[in-house]
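Residue-level structure breakdown
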Number of protein chains: 8
Amino acid sequence: GFATVDNQRGARTGTSEIIYGAGKTKEQIAGIVTSMLEACQRRVLVTRLDGEKAAGVSELLAAGGIAMEYDPVARLGMVGDAKEPDGLGTVLVVCAGTSDLPVAEEAARTLEYLGNRVDRAYDVGVAGIHRLLACERRIRDARVIVAVAGMEGALASVVAGLASCPVIAVPTSVGYGASLGGVAALLAMLNSCANGVSVVNIDNGFGAAYQASLINHMK
Amino acid sequence: GFATVDNQRGARTGTSEIIYGAGKTKEQIAGIVTSMLEACQRRVLVTRLDGEKAAGVSELLAAGGIAMEYDPVARLGMVGDAKEPDGLGTVLVVCAGTSDLPVAEEAARTLEYLGNRVDRAYDVGVAGIHRLLACERRIRDARVIVAVAGMEGALASVVAGLASCPVIAVPTSVGYGASLGGVAALLAMLNSCANGVSVVNIDNGFGAAYQASLINHMK
Amino acid sequence: GFATVDNQRGARTGTSEIIYGAGKTKEQIAGIVTSMLEACQRRVLVTRLDGEKAAGVSELLAAGGIAMEYDPVARLGMVGDAKEPDGLGTVLVVCAGTSDLPVAEEAARTLEYLGNRVDRAYDVGVAGIHRLLACERRIRDARVIVAVAGMEGALASVVAGLASCPVIAVPTSVGYGASLGGVAALLAMLNSCANGVSVVNIDNGFGAAYQASLINHMK
Amino acid sequence: GFATVDNQRGARTGTSEIIYGAGKTKEQIAGIVTSMLEACQRRVLVTRLDGEKAAGVSELLAAGGIAMEYDPVARLGMVGDAKEPDGLGTVLVVCAGTSDLPVAEEAARTLEYLGNRVDRAYDVGVAGIHRLLACERRIRDARVIVAVAGMEGALASVVAGLASCPVIAVPTSVGYGASLGGVAALLAMLNSCANGVSVVNIDNGFGAAYQASLINHMK
Amino acid sequence: GFATVDNQRGARTGTSEIIYGAGKTKEQIAGIVTSMLEACQRRVLVTRLDGEKAAGVSELLAAGGIAMEYDPVARLGMVGDAKEPDGLGTVLVVCAGTSDLPVAEEAARTLEYLGNRVDRAYDVGVAGIHRLLACERRIRDARVIVAVAGMEGALASVVAGLASCPVIAVPTSVGYGASLGGVAALLAMLNSCANGVSVVNIDNGFGAAYQASLINHMK
Amino acid sequence: GFATVDNQRGARTGTSEIIYGAGKTKEQIAGIVTSMLEACQRRVLVTRLDGEKAAGVSELLAAGGIAMEYDPVARLGMVGDAKEPDGLGTVLVVCAGTSDLPVAEEAARTLEYLGNRVDRAYDVGVAGIHRLLACERRIRDARVIVAVAGMEGALASVVAGLASCPVIAVPTSVGYGASLGGVAALLAMLNSCANGVSVVNIDNGFGAAYQASLINHMK
Amino acid sequence: GFATVDNQRGARTGTSEIIYGAGKTKEQIAGIVTSMLEACQRRVLVTRLDGEKAAGVSELLAAGGIAMEYDPVARLGMVGDAKEPDGLGTVLVVCAGTSDLPVAEEAARTLEYLGNRVDRAYDVGVAGIHRLLACERRIRDARVIVAVAGMEGALASVVAGLASCPVIAVPTSVGYGASLGGVAALLAMLNSCANGVSVVNIDNGFGAAYQASLINHMK
Amino acid sequence: GFATVDNQRGARTGTSEIIYGAGKTKEQIAGIVTSMLEACQRRVLVTRLDGEKAAGVSELLAAGGIAMEYDPVARLGMVGDAKEPDGLGTVLVVCAGTSDLPVAEEAARTLEYLGNRVDRAYDVGVAGIHRLLACERRIRDARVIVAVAGMEGALASVVAGLASCPVIAVPTSVGYGASLGGVAALLAMLNSCANGVSVVNIDNGFGAAYQASLINHMK
Ligand SMILES: Nc1ncnc2c1ncn2[C@@H]1O[C@H](COP(=O)(O)O)[C@@H](O)[C@H]1O
Ligand SMILES: Nc1ncnc2c1ncn2[C@@H]1O[C@H](COP(=O)(O)O)[C@@H](O)[C@H]1O
Ligand SMILES: Nc1ncnc2c1ncn2[C@@H]1O[C@H](COP(=O)(O)O)[C@@H](O)[C@H]1O
Ligand SMILES: Nc1ncnc2c1ncn2[C@@H]1O[C@H](COP(=O)(O)O)[C@@H](O)[C@H]1O
Ligand SMILES: [Mg+2]
Ligand SMILES: [Mg+2]
Ligand SMILES: [Mg+2]
Ligand SMILES: [Mg+2]
Ligand SMILES: [Mg+2]
Ligand SMILES: [Mg+2]
Ligand SMILES: [Mg+2]
Ligand SMILES: [Mg+2]
């Protein structure tokens, strides 16, 4: 009774329902996954799933004969067969620092799950601009770019200035003090003086990936 | 000396430079437009140009034989020949209320300037959901959607739930009190529980249009 | 000495005093409950009571021969006989997602405790608007509606647009990043473009239920 | 084309559409009023209409033979016959200080427009509690209360402690400095330790009146 | 080397130095206490000392033959002989709810430590105004009042309206959601429409007591 | 009908009612003044009265034979005979910079109006600490101090460290950018590491003076 | 009486007093300038002086035979002989866009006034990174850099990554919506992931110049 | 793959890369240190390294024959030979209270690591101004000053008023309530009315030290 699953959405939007794992019990997650598979969906993604809860969900699903792959960096649970990459081009995921990795990987793994080829350029923050310029070709070759950065979030602007494709910016909560839990990066990205940038919620690697995948699958 | 114009950007990013009109004098704007045309750009767009300054710029440009079209609702100045619509599909601009019109038109006119066919669905806010559902077909047919709303900014989530294409949300500063100059709508849109939504700055109809156009021109 | 109990309030406002459990010790709570029963109140409700403290309070009360029922989802402790539903109509509690359950249940259980018939429509968030439209009849039949949602909080506006009765909106702290602990949903609800909406504090399912019950008991 | 009027809403929600006057031109407002009357609505209310724009709208409507009454304190424009008071009881509007008058009157006049008998108790802020206690009987006799206050917004809590009916609180932007344009009063009201209080947007006398009227018309 | 003790301050301001316990190690606190006693101060107060650290400090001091009294509700450590009450009148400490007790007791115990007679009126929040009015005589008899309240912080305004002496208001972090950790109460108190109110930091019972004691010792 | 004047307050709190001039019309102010005088109050103070409105009020009062003195720096209107200084000591008003003058004068003139001897030490901000140290004797001799500062608001802490009497701090809105309209100074003052400081609202010279006067009149 | 001029500061800190022009009357400014010259200072700088007030000050000073130079872009008034550039190296002032000019010029002119050689690189925002890279040599050759940018404020990070000297960042209030009056740029700069960056207040070109000059004059 | 180490930076900016330890695993940190040493850097500094992680990193590095010194107060890990002090003068680190020690030591130890002589003046907050004035000579003798303070952050202004060298201010998160995690001190420092102050992020002792070292090494 606690969930009203929207099984038509897969058909309508081109992807199956995705489960937001935070704030749900392992029993609720396993229950929703099971009912979605019974409704004939082939793949389910669970986001924001911490390690302990993932173990609990896996155990519950295993009892019903269902296997769930878990990525502890990206904190994603994936049920069902991998999808063949059927996107039109490559999605580039860039991130500013090593500390942004969990969010960058949430984006990259979600992109792969949704059928995209992914190019990763990590730890190329703007303070060492030559590291980023070394990626100029990959930036120009991408069909969509997901730009992940915390602290001052300047990466999105510089990348967008070099790119001719849409850039989806993901602020992260990396930082301290005046980073205000990612709000500094969020504001910076919203104020980007470069054209072609839009923004998703702080740490929302999944959301950026989802939209990037939509764009990469347009024919 | 006051401006370092980036004339290569047209070539590099697929569009010519756009001038942010706020905070510049009429002399500065006319000067930048002129130097861009001299550098062989065919079209220039000036955003955030209020009526009085527009008149001043027009006059200065006219002295040099350059005509500028001005749209007082969208507060846009446009120099050069109109571009033929060469986008792949239609971009739908939806807005919640009549008071959102200036931002919606900034988006729509910019889209047309950048070579897109535009479908306008205005004043279809979520408080009268049947008005929005009446647009369901147009929502499904769009290649990209720009969703413009102030106050609680709920429009983006409902539209994205009905759409299968990317939705670029534009919060507006329409409202009072706890709307905090558009921050309420901005936060709502960033927290959209619908997939496929990304967000630009408050009242930045131009920015949403720019990214929507990039998406609509991908082959 | 630590509490000045207001036993006249039951007579005056039509309900007995309710205890805010957070920030009180188990000894304080058990003491207040006991003195209220001694002052001849028939029922006591303790809100925001976590599981561990509830166990402590139960033990202390049991020593005095008093039984307390505890609901771990709603985090409510209830002492005294159940009240027969004597409200005039049905109160509908709608919530956007499974993660909003604790707040929705705090509202629903409080409503029942205060003598109301409750209809629950859970997990009907606006991103899948057809799930919500499927509840249109129940929305029209309600005498009061409590609308519970986190993230962008858009549910209240859409429900109020479909309803002709008062809607009391409860923002929840569900979400992350720019949800700012529920402030995003709070602001959205305060800016609702739909008529007939008022708002209570973030996660305050109790407060919404209390007012809804007042309305449902007006003759 | 700039407005999608929802004429069914009158039928559905029991009142005709209300026009939010801020951010619309006089031409837009007069146009919407006219089309609503043509769609057979008997009364139209325009809120947030400043004096100068009201004069412009009146002139445009007069040209079409339509008369609009204007209240400069409440900043309301009213078209159509007055409605007979058909609410079940009296709605009490209390306000803390003389400076809150415009918002209190927006509430009171809207309530009368919607068919309610209104009792006004103005300038009874909590710093002189005996002034408020002198209203204790009127507070107990009301069927719904609209409590309007700026600065620290304490009025709502004290009134709700004395009342046994629902209290709808309206924070106002009266004050300076740390009143933060009404945010201080808004937060205070949301945190009311009294039961039975819900809150609307800063300065939204209209919104409180609308919900109060719904409650006062419940049978 | 880590502390530059200001032993002249006792002479200058009429009280010995007070130690802020948070963010210091038990070794640092015991060291500062010892050096202050060696510099011939007769009493030392340690504020914001949690239970565990207090035990550690006590143990270290005991090794040097120094006894420290600890109050776990007020989280205060007190070294040295009690001071005889030598203030001119009585300081009234009022608080709104049982959850405000720790802050109210921090004020009351500090006041006693600084030589004041204290009258405590607890749990007299404004939602049950008659409980507060029952204290009217004690309010009028006080020489200074410390008013402690969280949530909407309305207590200070009502008390100041009844009093003819200075009221020092202490907002507390009691509450949740839109209480923003006490910021709501702080803003309310700063905006008090009653005269004679000044405010200290959130949860700063000590600071209010200190100033109240200064006032109560003026000849 | 627009005002419920509390004429008993004079008797009760030792001063007559003070009128907050902002947000009231000249007719309202003149009306309240007149009714207060008719109720036998001897003096009336009107705060936050800008020059233009003051002229209007004066004219209206003059028609009734009432004279109002107006101080354009302090923006105060004063009706009635000056009060003889009957406070016990001197109140020192210190301010940090010349731009804080209007607020400092609002305090100083209000203090004089309420019967206090005032010592003014202006433009002694902490950046030139020797200017402030030159006032050390006056600081020690004061019975109460009102410390007025904008920008970083450090003055209150340094003064309180030098004083042995209560310090009432008034943050001002002087500054720009990160001064956030006085919020920076307000927060600094609330966090003063010096003992004996309490704070009033931004720019509220009146409120500080009122409390300082209460303290200075205690016997 | 309104100003306590600190004429020793010139001797002590190596520069004469500087007058903050905002919030002072023209009479106050002229008075302070005059008294400083009488106290034998050779040069006076007045900041934040708008055009109209500058004219008034000039007139007043001229009456006393004193000439003031006024720069309307930088909003600076300068009295006294120009100082010969005696700094050790060159200070580079970079700014992101044409709209940042007033702040950049406030810095540049102040630097010249304080005896520094200035190199200006304007309109080199990060969205067109190659424009900035074209300045790489000038960045390396500077002894100190003042980096001025609004919107997302990314310029400071990129410049600091290329520089080996201190960078003083000045956020500007250029932008709209989520730029929050310069707070977005301020936060970004405080969170710079590049080493060697410190920050001054929003729009405080003067403050950055002052510190840069101190550094450039160290021997 | 997780890190793109910028080994050229050492050459370019005069120091080797510094590792931000927060948000990285011990394996990542040890890996980066190792690769930097392999790239022939002689010294590596790891900041924001808590005790437990430091132990893990030490163990991993020891396995490769690399020793890391760890300072638990400053939370710094240091690899490689100590650098001889080669700065031109002395850098003075002042801090307001004992609770600011961790940040002050982060600055002081980083300064020593980067080759500076350091003078420490701790616990000299402005509430006891004479303690600070006792340091006046050391303040005048410093070549650069790092001023560390939480709460109201006034130290920076007073120190800068006494100094004739650049002051780099570090706000700390010491405090509670309205200190807002250091934001109060940050805002105060940004609004310093003293000349010559610039500011780094809350608790960023490292950042201040880095810039101070650059200044102290300028020839
Ligand atoms: N309304 C707008 N909002 C945000 N960015 C804009 C806007 N108009 C122009 N821009 C961008 O601002 C940059 C030009 O800035 P400027 O050199 O100051 O004219 C270009 O990258 C534009 O694409
Ligand atoms: N003062 C007001 N505050 C909030 N909402 C209002 C106000 N006045 C009208 N509305 C609502 O705004 C909606 C109309 O918006 P619009 O279509 O922009 O005129 C209606 O649902 C009205 O009930
Ligand atoms: N400048 C002021 N700031 C804060 N409160 C004020 C001010 N001036 C008057 N008041 C208080 O506001 C109340 C009067 O409000 P009102 O009835 O609206 O005139 C009285 O209690 C005054 O003492
Ligand atoms: N505590 C710190 N605060 C701010 N920046 C730092 C800190 N420690 C190191 N950094 C900088 O962060 C960058 C390294 O980031 P990362 O590649 O994630 O290790 C370098 O530019 C460092 O100088
Ligand atoms: Mg790195
Ligand atoms: Mg409409
Ligand atoms: Mg769901
Ligand atoms: Mg009044
Ligand atoms: Mg109670
Ligand atoms: Mg001065
Ligand atoms: Mg440009
Ligand atoms: Mg100390």
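What counts and what doesn't
- Residues numbered from 1 in each chain as written.
- Chains lettered and ligands numbered in written order.
- Predicted model: local features only at pLDDT ≥ 70, side-chain atom pairs only at ≥ 80, totals over all residues.
- Heavy atoms only, no water.
- Helix = DSSP H or I, 4+ residues; strand = E, 2+ residues; numbered from the N terminus.
- Rg over C-alpha atoms; globule rule 2.2 N^0.38 Å.
- Buried < 20%, exposed > 50% of the residue type's maximum accessible area, 1.4 Å probe, protein only.
- Contact = heavy atoms within 4.5 Å.
- Areas by Shrake-Rupley, 256 points an atom, 1.4 Å probe, with all protein chains shown as cover.
- Lys, Arg positive; Asp, Glu negative; His and termini not counted.
- Charge placed at Lys NZ, Arg CZ, Asp CG, Glu CD.
- Pairing = 2+ DSSP bridges.
- Salt bridge = Lys/Arg side-chain N within 4 Å of Asp/Glu carboxyl O.
- Axes fitted to C-alpha atoms, helices over the stretch in contact; angles between N-to-C directions.
- Least-squares fit on C-alpha atoms with pLDDT ≥ 70 in both.
- Buried area = accessible area lost by both parts, 1.4 Å probe.
- Polar contact = N/O pair within 3.5 Å; in protein donor to acceptor, adjacent residues only side chain to side chain.
- Phe/Tyr/Trp six-rings, centres within 6.5 Å; stacked < 30°, edge-to-face > 60°.
- Lys NZ or Arg CZ within 6 Å of the ring centre and 35° of its normal.
- Nonpolar A, V, L, I, M, F, W, Y, C, P; charged D, E, K, R; others polar.
- Parallel < 35°, antiparallel > 145°, perpendicular 65-115°, else oblique.
- Left-handed = near helix turned anticlockwise from the far one by under 90°.

Across its full length, chain A carries nine helices and nine strands. Over its C-alpha atoms chain A spans a radius of gyration of 18 Å, differing by no more than 12% from the 17 Å that the globule rule assigns to 219 residues. Each principal axis of the C-alpha distribution contributes one length, and for chain A these read about 50 × 45 × 25 Å. For chain A, the proportion of its 219 residues judged to be buried stands at 69%. Considering only contacts within chain A whose residues lie at least 6 apart along the sequence, 69% involve residues at least 24 apart. Here chain A displays about 6,800 Å² of accessible surface, and carbon together with sulfur accounts for 52% of that area. Taking the average place of the 19 positive charges on the side chains of chain A and the average place of its 22 negative ones, the gap between the two points comes to 6 Å.

Here the focus is the pairing of strand β4 (residues 76-79) of chain G. Going residue by residue along β4 of chain G, you find Leu76 and Met78 of chain G tucked away on one face and Gly77 and Val79 of chain G tucked away on the opposite face as well. In sequence, strand β3 (residues 68-71) of chain G turns back onto β4 of chain G through a hairpin of four residues, with Arg75 of chain G there showing a positive phi of about 50°.

This structure, assessed with the given rule, holds 73 salt bridges over all chains. Between Asp86 of chain A and Lys83 of chain A there is a salt bridge, with the nearest N and O atoms lying 3.7 Å from each other. Accessibility expressed as a relative area gives 37% for Asp86 of chain A, which makes it partly exposed. When the shortest N-O distance is used, the salt bridge between Glu112 of chain E and Arg109 of chain E registers 3.7 Å. Pair noted here: Glu112 of chain E and Arg109 of chain E are both in helix α4 (residues 101-113), with a separation of three residues, about one helical turn.

Attention now moves to the sheet that holds strand β3 (residues 68-71) of chain B. All names here are of chain B. Pairing is mixed across the open sheet formed by four strands, whose spatial order is β1-β2-β4-β3. Whereas interior strands pair on both sides, the edge strands pair on one side only; in this sheet they are β1 (18-20) and β3. For this sheet, the mean inter-axis angle between neighbouring strands, taken without regard to orientation, is 20°. Sheet analysis places β3 next to strand β4 (residues 76-80), joined by four bridges and oriented antiparallel. When the bridges of β4 are listed, Tyr70 appears paired with Gly77. Its contacts with the sheet place helix α2 (residues 26-38) against β1, β2 (43-47) and β4, and it is angled at close to 160° to β2.

Screw-axis analysis of chain C against chain B gives a translation of 0.0 Å along the axis, an RMSD of 0.0 Å, and a rotation angle of 180°. What the superposition gives is, in effect, a two-fold axis relating one chain to the other. Identified as the residue of chain C closest to the rotation axis by C-alpha distance is Ala154 of chain C, at 2.5 Å.

Here we take up the arrangement of the chains. Note that chain B does not reach chain F: the shortest distance linking a C-alpha of one to a C-alpha of the other is 15 Å. Regarding chain E and chain G, which are not in contact, the minimum distance between any of their C-alpha atoms is 20 Å.

Another point: the interface of chain C and chain B. Between chain C and chain B, the residue contacts involve 25 residues of the former and 25 residues of the latter. Both sides of the chain C and chain B interface together cover about 2,000 Å² of buried area, and 70% of this is carbon and sulfur. When residues of chain C are sorted by the area they lose upon contact with chain B, Ala127, Glu152 and Asn191 of chain C head the list and together hold 29% of the total. For the pair chain C and chain B, the number of links is zero salt bridges. In this assembly, chain C and chain B are joined by ten residue pairs in polar contact (both at pLDDT 80 or more). Breaking the side of chain C that touches chain B down by element, the ones donating at least two residues are α5 (129-133), α7 (155-162) and α8 (183-190) of chain C.

Let us look at the packing of aromatic side chains. If you walk through the whole model with that rule in mind, you get 16 aromatic pairs over all chains. An angle of 55° between the planes, with centres 6.1 Å apart, marks the rings of Phe206 of chain D and Tyr210 of chain D as tilted. With Phe206 of chain D and Tyr210 of chain D both in helix α9 (residues 205-216) and four residues apart, the pair spans about one turn of that helix. When its relative accessible area of 10% is taken as the criterion, Phe206 of chain D is described as buried. The ring of Tyr176 of chain B carries the charged tip of Arg48 of chain D above its face, separated from the ring centre by 3.4 Å.

It is worth spelling out the relation of the copies chain H and chain G at this point. Aligned on chain G, chain H shows an RMSD of 0.0 Å; the corresponding rotation is 180° and the shift along the axis is 0.0 Å. A high fraction, 100%, of the interface residues of chain H reappear at the interface in chain G, so the copies pair face to face through one surface.

Now for the sheet that holds β4 of chain G. Residue and element names in this part refer to chain G. The four strands lie next to each other as β1-β2-β4-β3, forming an open sheet whose pairing is mixed. Sheet topology places β1 (18-20) and β3 at the edges, where each strand pairs with a single neighbour. Looking at each pair of strands side by side, their axes are set apart by 20° on average, direction ignored. As paired elements, strand β2 (residues 44-47) and β4 share three bridges and run antiparallel to each other. Opposite Leu45, over in β4, you have Met78 as the bridge partner. Its contacts with the sheet place helix α4 (residues 101-113) against β2, β3 and β4, and it is angled at close to 10° to β4.

The next point concerns the interface of chain H and chain G. In this complex, chain H contributes 30 residues to the contact, which on the side of chain G involves 30 residues. Here chain H and chain G share an interface that buries about 2,700 Å² over both sides, 55% of which is from carbon and sulfur atoms. Where chain H packs against chain G, one counts zero salt bridges. The interface formed by chain H and chain G includes eleven residue pairs in polar contact (both at pLDDT 80 or more). Secondary structure elements with two or more residues in the side of chain H that touches chain G: α1 (8-13), α7 (155-162), α8 (183-190), β9 (197-199) and α9 (205-216) of chain H. Ranked by residues supplied to the side of chain H that touches chain G, first place goes to α9 of chain H with five residues. Partitioning the side of chain H that touches chain G into residue classes produces 16 nonpolar, nine polar and five charged.

Attention now moves to the packing of helix α2 (residues 26-38) of chain C against helix α3 (residues 51-63) of chain C. Residues and elements named next belong to chain C. One can describe the packing of α2 onto α3 by two numbers: an axis separation of 9 Å at closest approach and a directional angle of 45°. The angle between α2 and α3 places the two elements in the oblique class. α2 and α3 meet at a crossing whose hand is right-handed. For the pair formed by α2 and α3, the contact residues are Lys26, Glu27, Ile29, Ala30, Val33 and Thr34 on the first element and Lys53, Gly56, Val57, Leu60 and Leu61 on the second. Across the contact of α2 with α3, the residue classes tally to six nonpolar, two polar and three charged.

Looking now at the environment of Gly23 of chain C. Tracing the sequence through the fold places Gly23 of chain C in the loop between β1 (18-20) and α2. In sequence terms Gly23 of chain C and Glu152 of chain C are 129 residues apart; their C-alpha atoms lie 29 Å from each other. The residues touching Gly23 of chain C, leaving out its near neighbours within four places in the chain, are Gln28 and Lys53 of chain C together with Ser99 of chain E.

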